[in-house]
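Secondary and tertiary structure notes
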Amino acid sequence: MYKNVINFIQEYYQREDFIPLHEPRFFGNEKKYLNEAIDSTYVSSVGKYVTQFEEMIANFVGSKYAIATSNGTSALHIALKLVGVDADSEVITQPLTFIATANAISYCNAKPIFLDVDIDTLGLSAIKLKEFLKENTYINEDGECINRKTDKVIKACVPMHTFGHPCKIDEIVSICDSYNIAVVEDSAESLGSYYKGKHTGSFGKVGIFSFNGNKIITTGGGGMIVTDDEELAKRAKHITTTAKVPHPYEYIHDEIGYNYRLTNLSASLGVAQMENLELFIRKQRELADKYKEFFKDLDLDFITEPKDSKSNYWLNGVILKDIETRDKFLKYTNDNGVMTRSIWRLMNKLEMFKDAQCGDLSNALWLEDRVVNISSSIVL
Ligand SMILES: Cc1ncc(COP(=O)(O)O)c(C=O)c1O
């Protein structure tokens, strides 16, 4: 029934064996830089590649500061701590996201509030956010946004740019600004994506990226925190490196810190991958164009970049008619050696978050039943 989809994908990749969802590509200076890092003996968290990788990301994204971390999840955990999220806080986010977004909130012992996404962006809905804040919160004398239901402070909001497609981040930031809520952008998937000409991750107080093996560039495992705030940047560096106070020979730590720093080995891969990022984005977008053309006559909707944005098309997706059709599509493609995956189960349906406060989630529920990710590796 979906034979034409299998044929199209096999033809694009010129292979008939198993086709994964998103494979990394290493064809530049990865081995050279990795060897240099090994030869230098600086293999852990200090070394020239860590600094170079941070500078490259900051320049590319247009943020003043970038701090490399062990992965995107640790970047998100620290980002939330930077804006003051603690055990007394609540954090608004979307239920349609990868588990790391919600986990990072829990690592701070804070509680998530799940609000709906937009169908066109797959990201947090600015309209639903505005409605929720208007109906459910007030600003106290200290200027904090208080949730009427729980009397807790809503400290932060974490919108996510799903599959690399930017959400309406400028509206979200402006709404949050008026309620004194800090925006932490989960841009784990959106390196190379722009909203109204500005790079994702650079709108909020803090943004984060992931360089996991399946992302548009990879360091094996890795993450990055970006911000324009010098104090937050200094603090990010401090608490990701065990909160060690500089001293010529003594070990002094002034708070509970984390060992979340990226290694020089990983960063060496990151520098090499960054040298080809523009090419990777171009190729991802070319693949998306081919899919767009192919799917236009079929009863599947190919997900395209939202209005006002330029997406990196990191992970391609289609929307099927209903959950039965989705399941048939998933089974057929996976049975025939083409890896496809359903979108994430909504966070509020998972055991750990089943008691979380939620808004009306009709769009997220609709998408959860229908969205499937399809082959997104590039061919060079
Ligand atoms: C939306 C989102 N947030 C956070 C992460 C966490 O990144 P990492 O896997 O590098 O910890 C990922 C990806 O893996 C992600 O897709």
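Refer to the structure above for everything that follows.
Let me sum up the structure you'll find in this document. (Residues numbered from 1 in each chain as written. Predicted model: local features only at pLDDT ≥ 70, side-chain atom pairs only at ≥ 80, totals over all residues. Heavy atoms only, no water.)

All right, on to the overall build of the protein then. On a plain count of helices and strands, the protein comes out with 12 helices and 17 strands. For 380 residues, the compact-globule formula gives about 21 Å, and the C-alpha radius of gyration of the protein, at 21 Å, lands near that figure. Each principal axis of the C-alpha distribution contributes one length, and for the protein these read about 65 × 60 × 35 Å. Counting the 380 residues in the protein, one finds 56% classified as buried. As displayed, the protein has an accessible area near 16,500 Å², and 50% of this comes from carbon and sulfur atoms. (Helix = DSSP H or I, 4+ residues; strand = E, 2+ residues; numbered from the N terminus. Rg over C-alpha atoms; globule rule 2.2 N^0.38 Å. Buried < 20%, exposed > 50% of the residue type's maximum accessible area, 1.4 Å probe, protein only. Areas by Shrake-Rupley, 256 points an atom, 1.4 Å probe, with all protein chains shown as cover.)

A few words now on the pattern of salt bridges. According to the stated counting rule, one finds 23 salt bridges in the structure shown. The residue Glu230 makes a salt bridge to Lys234 at a minimum N-O spacing of 3.5 Å. Taken together, the positions of Glu230 and Lys234, both in helix H8 (residues 230-240) and 4 residues apart, correspond to about one turn of that helix. Relative accessible area serves as the criterion here: at 48%, Lys234 is assigned to the partly exposed category. For Glu231, the salt bridge goes to Lys234, with nearest N and O atoms at 3.8 Å. Taken as a pair, Glu231 and Lys234 lie in helix H8 at a separation of 3 residues, close to a single helical turn. (Salt bridge = Lys/Arg side-chain N within 4 Å of Asp/Glu carboxyl O.)

So, about empty space enclosed by the protein. Rolled over the atoms, a probe sized like a water molecule indicates the empty space that remains. A complete count under the given rule lists 1 cavity of 30 Å³ or more for this structure. There is about 70 Å³ of room inside the largest cavity. Contributing to the lining of the largest cavity are His22, Glu23, Pro24, Arg25, Lys215, Ile216, Ile217, Gln273, Phe280, Gln284 and Ile378. Classifying every residue of the lining of the largest cavity by side-chain character gives 5 nonpolar, 3 polar and 3 charged. (1 Å grid on protein atoms, 1.4 Å probe; cavity = no way out; pocket = protein on both sides within 12 Å on 5 of 7 lines; lining within 4 Å. Points joined across faces, edges and corners; volume = space filled by probe spheres on them. Nonpolar A, V, L, I, M, F, W, Y, C, P; charged D, E, K, R; others polar.)

To continue, consider the sheet that holds strand E9 (residues 198-199). The strand order across the open sheet formed by 3 strands is E9-E8-E13, and the pairing between neighbours is antiparallel. Both outer strands of the open sheet, E9 and strand E13 (309-310), are each paired with one neighbouring strand and no more. (Pairing = 2+ DSSP bridges.)

Counting 45 residues, the largest nonpolar core has Phe53, Ile57, Leu191 and Met224 as its most contacted members. Among the secondary structure elements, those contributing two or more residues to this core are helix H2 (30-40), helix H3 (48-61), strand E1 (65-69), strand E11 (223-227), helix H9 (264-274), helix H10 (277-295) and helix H12 (362-368). For this core, the element with the most residues is H3, which contributes 7 residues. In this structure Phe53 touches Phe211, Ile217, Thr219, Met224, Leu262, Ala267, Gly270, Val271 and Met274, once residues within four positions along its chain are discounted. Formed by 28 residues, the second largest nonpolar core is a distinct cluster that contains Ala182, Val184, Ala188 and Ala233. (Core = buried A, V, L, I, M, F, W, Y, C linked by side-chain atoms within 4.5 Å. Contact = heavy atoms within 4.5 Å.)

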